[in-house]
Amino acid sequence: MTVPPEPSGADGAPQQLPGCARHPDRPTGLRCTRCERPACPECLREASVGYQCVDCVNEGRRGAREAVTVAGARLSRKPVVVPALILINVAFFLATAVQAGSATANHSSALFADFSLYPLLTAGGQWWRLLSSGFLHIGLIHLAMNMLALWVLGRDLEMVLGKLRFGAVYLLSLLGGSTAVFLFGELLRPVAGASGAVYGLMGGIAIVALRTKLSLRPVLIVIALNLVVSVTIPGISLLGHVGGLVIGVAATAALVYAPRGRRNAVQAGVLIALLLVLVAMLVTRDLQFGALDCWGSGIDTRCGIRP
């Protein structure tokens, strides 16, 4: 075995290696293939051709266009909003179960009575019920079905829309379902569950599939089956499901079809417009309740309730 001779200068003395551009005290025989400056192994990164120093890599990243989805969201591998929503729903369920002393009869708890959606009480000024009811569930099966659907549908949709846009679609869909119940539901029948928001995600997935030219058949079959279940099984709020579905479709369409040059302005404008439309519908219905004195001593058949 032999060792190649060390490089030497004109006078025969060993040639000194240059120091790293970022660490002058570290002699190195390596160079960046882009700027050709000396660089130690710690300062080099593998590139498509050879190795580049960290300065050239950072400069290249600043000059490159960042890849985004059809909604303008940064590419991400891990959902954040969906797990948070699931934790919130589970926390609300545990609180109601502990109060009621039962996981199957948790709807008898005081928290459930205060936060579920009673249209008549909502019209009386308890507006928080429109949102809080979307985080309550009646029994473990109800909770498990909605959280499974949220996990399956929400992960993919959050990856496409991004955290903020996805959160906006979810909350608007939830409010859309609650608005439909408030407008057309039974006044003294409580409604609860994340189904309105989940149906909004179903509609959102269908719009994304249409926008990206994927097959719509699996999504449409799932939506159709769920709507049939909503109609045939008693105790399920079809109004909440349809309301959430309509708003979810409209909100997601605004996000993925917005023109690239004015994407953020169009997206924000449409989402705000949908919120204002829902608020206007709620206020109009509330004024109708007020004219009939539905939450005072005059509750009678004018409000759809037998005295």
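As a reminder, the structure under discussion sits directly above these lines.
Residues numbered from 1 in each chain as written. Predicted model: local features only at pLDDT ≥ 70, side-chain atom pairs only at ≥ 80, totals over all residues. Heavy atoms only, no water.

**Regarding the environment of Val 54**
Argument step 1. Among the secondary structure elements, Val 54 is positioned in helix H1 (residues 54–63).
Argument step 2. Taking C-alpha positions, Val 54 is 9.0 Å from Glu 42, a pair spaced twelve residues apart along the chain.
Argument step 3. Once residues lying within four places of it in the same chain are set aside, the contact partners of Val 54 are Arg 22, Cys 43 and Arg 45. (Helix = DSSP H or I, 4+ residues; strand = E, 2+ residues; numbered from the N terminus. Contact = heavy atoms within 4.5 Å.)

**Here we look at the packing of aromatic side chains**
Argument step 1. All chains considered together, the criterion is met by four aromatic pairs.
Argument step 2. With centroids separated by 6.1 Å and ring planes inclined at 50°, the aromatic side chains of Phe 92 and Phe 115 adopt a geometry described as tilted. On the criterion of sequence distance, the pair formed by Phe 92 in helix H2 (residues 81–100) and Phe 115 in helix H3 (residues 110–115) is long-range, its members being 23 residues apart.
Argument step 3. Measuring from ring centre to ring centre gives 5.7 Å for Trp 127 and Phe 182, while their planes differ by 55°; the resulting arrangement is tilted. With Trp 127 in the loop between helix H4 (119–123) and helix H5 (129–132) and Phe 182 in helix H7 (residues 163–184), the pair connects residues that are 55 residues apart, well separated along the chain.
Argument step 4. We classify Trp 127 as partly exposed; its relative accessible area is 31%.
Argument step 5. Among the aromatic residues, ring-to-ring pairing joins Phe 92, Phe 115 and Phe 135 into one connected group.
Argument step 6. In this structure, Arg 211 packs its charged tip against the face of Tyr 257, placed 5.7 Å from the ring centre. (Phe/Tyr/Trp six-rings, centres within 6.5 Å; stacked < 30°, edge-to-face > 60°. Buried < 20%, exposed > 50% of the residue type's maximum accessible area, 1.4 Å probe, protein only. Lys NZ or Arg CZ within 6 Å of the ring centre and 35° of its normal.)

**Comments concerning H2**
Argument step 1. With 20 residues, H2 ought to run about 28 Å at 1.5 Å a step, and its terminal C-alpha atoms sit 29 Å apart, in line with that.
Argument step 2. Every buried residue belonging to H2 is among Val 81, Val 82, Leu 85, Ile 86, Asn 89, Phe 93, Thr 96 and Ala 97, and all of these are buried. One side of H2 holds all its buried residues, which, seen down the axis, span an arc of 145°. Among the exposed residues of H2, those pointing more than 90 degrees away from its buried face are Leu 87 and Val 98.
Argument step 3. Those residues of H2 that are buried lie in contact with H3, helix H6 (139–161) and H7.
Argument step 4. A positive phi of about 75° marks Gly 101, the residue just after H2. (Expected span 1.5 Å × (residues − 1). Arc of directions from axis to C-beta.)

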